[in-house]
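Descriptive structure summary
The residues making up each chain are set out below.
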Amino acid sequence: MAKFVFVTGGVMSGIGKGVIAASIGRILQARGFRVTAVKIDPYLNYDAGTMNPYIHGEVFVTEDGGETDMDIGTYERFLDINLPKSHNITTGQVYSSVIERERKGDFLGKCVQIIPHITDEIKDRILNISKETVDVVIVEIGGTVGDIESLPYLEAARQFRLDQGISNVVNVHVTLVPMLDVVGEQKTKPTQHSVQELRRIGVQPDVIIARSKIPLRSEPRKKIALFCNVEESAVFTSQDISSIYESPLLLDEQGLGTYLVNRFQLSKNTPDWSTWKKMLNSHLNPHGEATIAICGKYAELADCYVSVNDALRDAGAALDTKVDLEFIETDDFEKDPARVRVLSSFDGVLVPGGFGSRGSEGKIKAIEYCRTHDIPFLGICFGFQLGVVEYARSLGIEDAASSELNPQSSNHVIDLMPEQNNVLEKGGTMRLGAHEIFIEEGSLAQSLYHNQSVWERHRHRYEVNPNYISQLSSGGLRFSGKSDSNRRMEILEMPRNKFHFATQFHAEFKSRPGRPSPPYFGLIRAALTTKNPEITTEHLVAHKSRGSR
Ligand code: GLN
């Protein structure tokens, strides 16, 4: 029977609960246990697909085409597993299935209520996941204790421990311990209030993890233990660190792993951190440096490219290189085209995914500058589509466009996919998830992937218009990766450039610390060799990517 760790959050959001939940999983994995993770999002949306990433953070895409919360990405990277979309539970999904069953008459005669029907549905979903071959399920409840939306989930967690037995469920509460600037005192009152609120609902935390600038001092630790009714040895700190990948080690060193193993009565295996420490060292102590410009809109910048940022850093670490990222506003290139020259001071340029026309002409200018000045360029999804538009224009198709950007143009080199033409709904209707891509012999793509076929994840409505492929190819552009019996263009490369490469898919979703994504690896490697032409590239070989799901 599986063990369960429920992770709740107190005081405020954004304190890194996802990283802590993932770290707990990694601590158990280091001891040889099979771990999986679930994210509960108490909002009413069915999934994250219809949510604005510029407000809510990146929409992460799973192998099976789920549009999920970005914490699923954090779990995948920390635990090196692929999670299906059923691991992101939302209130929208829970209510939809209960109401659907009510309409079918499943509850005939009964009044359908939050307790027990909604809470049963929540518990069933978690129990179903525990039937996968796992030893421990980490369940992170999103939001902050005290939110109206999270109440049914906390109630379900309360019942869960009663149903499964105390030795099978551990409740972890993550809170913030702020410091008073003047005297540097660590204040525990917000934690006390948050735990009071949790206990009012009937959930007694076993473990408190305090987020704090510096390690918790002895006095506040004692206070938290006493007022929150938690053993002092079960109060841990998660202080500010330079890489999130330090977090599992930091918590394990304080005894969290030992605590969990004892509490769950699991075998006391010695943790093996050797590979993790090696990976961490490559992230913390790189020798080289590369500066990459991410060209987008300012509004897009913070959390909405988490996977892109991580993929660049994973690739950098594999090449013993610190990757400095700078966000460049492409609107500026539209207002003053000469400003695009700023890109010459970068070692590489990335144009990420995106939607809508604003800023897109600026992105096209950035791509053109990279192509004509041989600056290493990686385009992702929208960046790939704009790469095609840019190249078509350079061939003299002056009004080449994507129908998403300019419906009036008579040359839609990028157009809606046929199956998208009649789609009226917005949720879950894009081409989503992993599709198999076939890579051409002798291409740059093949030298990066070391494979003839790979599975990469998608999230798009538009694609290369097949009517323009021969014209684009005869101009020199090579479509080196295709899917769907060669109907869909997936990878483009420009052989006459050092690295002018773009993908219709989002390779960043499969990048892992210690096992970088080949296109991102290619960009950083090209950035390094451009910067130091004397560098030998023989040893800079990408890890063989996983060819199948
Ligand atoms: N807007 C483009 C499309 O829908 C690209 C999407 C993306 O970059 N994720 O096809």
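Residues numbered from 1 in each chain as written. Predicted model: local features only at pLDDT ≥ 70, side-chain atom pairs only at ≥ 80, totals over all residues. Heavy atoms only, no water.

For the rest of this paragraph, the subject is the overall build of the protein chain. Scanning the protein chain from terminus to terminus reveals 18 helices and 21 strands. A globule of 549 residues ought to have a C-alpha radius of gyration of about 24 Å, and the protein chain, at 25 Å, matches this closely. Sorting the 549 residues of the protein chain into buried and exposed places 60% on the buried side. Counting only carbon and sulfur atoms, one obtains 50% of the accessible surface of the protein chain, whose full area is about 22600 Å². With 61 positive and 70 negative side-chain charges, the protein chain shows a spacing of 4 Å between the two charge centroids. (Helix = DSSP H or I, 4+ residues; strand = E, 2+ residues; numbered from the N terminus. Rg over C-alpha atoms; globule rule 2.2 N^0.38 Å. Buried < 20%, exposed > 50% of the residue type's maximum accessible area, 1.4 Å probe, protein only. Areas by Shrake-Rupley, 256 points an atom, 1.4 Å probe, with all protein chains shown as cover. Lys, Arg positive; Asp, Glu negative; His and termini not counted. Charge placed at Lys NZ, Arg CZ, Asp CG, Glu CD.)

Right, let's get into the sheet that holds strand β10 (residues 288–296). Overall, mixed pairing links the 9 strands, which are arranged β11-β10-β12-β13-β21-β20-β19-β16-β17 in an open sheet. One side of each edge strand has no neighbouring strand; the edge strands of this open sheet are β11 (321–329) and β17 (453–460). On average, each strand axis in the sheet is inclined to that of its neighbour by 30 degrees, with strand direction left out of account. Examined bridge by bridge, β10 and strand β12 (residues 348–351) share 3 bridges and lie parallel to one another. Across the sheet, the residue bridging to Ile294 is Leu350, located in β12. Set on the sheet, helix α18 (residues 518–531) makes contact with β10, β11, β12, β13 (377–380) and β21 (500–503); between it and β10 the angle comes to about 120 degrees. (Pairing = 2+ DSSP bridges. Axes fitted to C-alpha atoms, helices over the stretch in contact; angles between N-to-C directions. Contact = heavy atoms within 4.5 Å.)

The subject of this paragraph is the packing of aromatic side chains. The description of an aromatic ring pair rests on the distance of the ring centres and on the angle between the ring planes. Tallied over the full model, the rule gives 7 aromatic pairs. Aromatic side chains Phe60 and Phe509 sit 4.9 Å apart centroid to centroid with 75 degrees between the ring planes, which places their arrangement in the edge-to-face category. Taken together, the residues span a long stretch of sequence, with Phe60 in strand β3 (residues 60–61) and Phe509 in the loop between β21 and α18 at a distance of 449 residues. Judged on exposure class, the residue Phe60 and its partner Phe509 are both buried. With 5.3 Å between their ring centres and 20 degrees between their planes, Phe499 and Phe501 make a pair best called stacked. (Phe/Tyr/Trp six-rings, centres within 6.5 Å; stacked < 30°, edge-to-face > 60°.)

Positionally, Glu441 belongs in the loop between β16 (431–439) and α16 (444–449). Placed 124 residues apart in sequence, Glu441 and Ala317 show a C-alpha to C-alpha distance of 28 Å. Aside from chain neighbours lying at most four places away, what touches Glu441 is Gln446, Gln452 and Arg478. Among the polar contacts made by the side chain of Glu441, one reaches the side chain of Gln452 at a distance of 3.4 Å. (Polar contact = N/O pair within 3.5 Å; in protein donor to acceptor, adjacent residues only side chain to side chain.)

Time to look at the site of the ligand. Taken together, Gly353, Gly354, Phe355, Cys381, Phe382, Gln385, Glu404, Arg459, His460, Arg461, Tyr462 and His506 form the complete shell of residues around the ligand. Contact distances for the ligand include 3.1 Å between an oxygen atom and a side-chain N or O atom of Gln385. Glu404 has a polar side-chain atom sitting 2.8 Å from a nitrogen atom of the ligand. Notes on the ligand: free accessible area 300 Å², of which the protein chains cover 98%. Breaking the shell around the ligand down by element, the ones donating at least two residues are α15 (382–394) and β17. Along the lines of polarity and charge, the residues of the shell around the ligand split into 4 nonpolar, 5 polar and 3 charged. (Near = heavy atom within 4 Å. Nonpolar A, V, L, I, M, F, W, Y, C, P; charged D, E, K, R; others polar.)

Here helix α14 (residues 360–373) crosses α15 at 70 degrees, and the two axes come no closer than 9 Å. Judged on the interaxial angle alone, α15 and α14 are roughly perpendicular. Regarding α14 and α15, the two cross each other, and that crossing is right-handed. Across the interface between the two elements, Ser360, Glu361, Lys363, Ile364, Ile367, Glu368 and Arg371 from α14 touch Phe382, Gly383, Leu386, Gly387, Val389, Glu390, Tyr391, Arg393 and Ser394 from α15. Each residue belonging to the contact of α14 with α15 can be placed in one class, and the counts come to 6 nonpolar, 4 polar and 6 charged. (Parallel < 35°, antiparallel > 145°, perpendicular 65-115°, else oblique. Left-handed = near helix turned anticlockwise from the far one by under 90°.)

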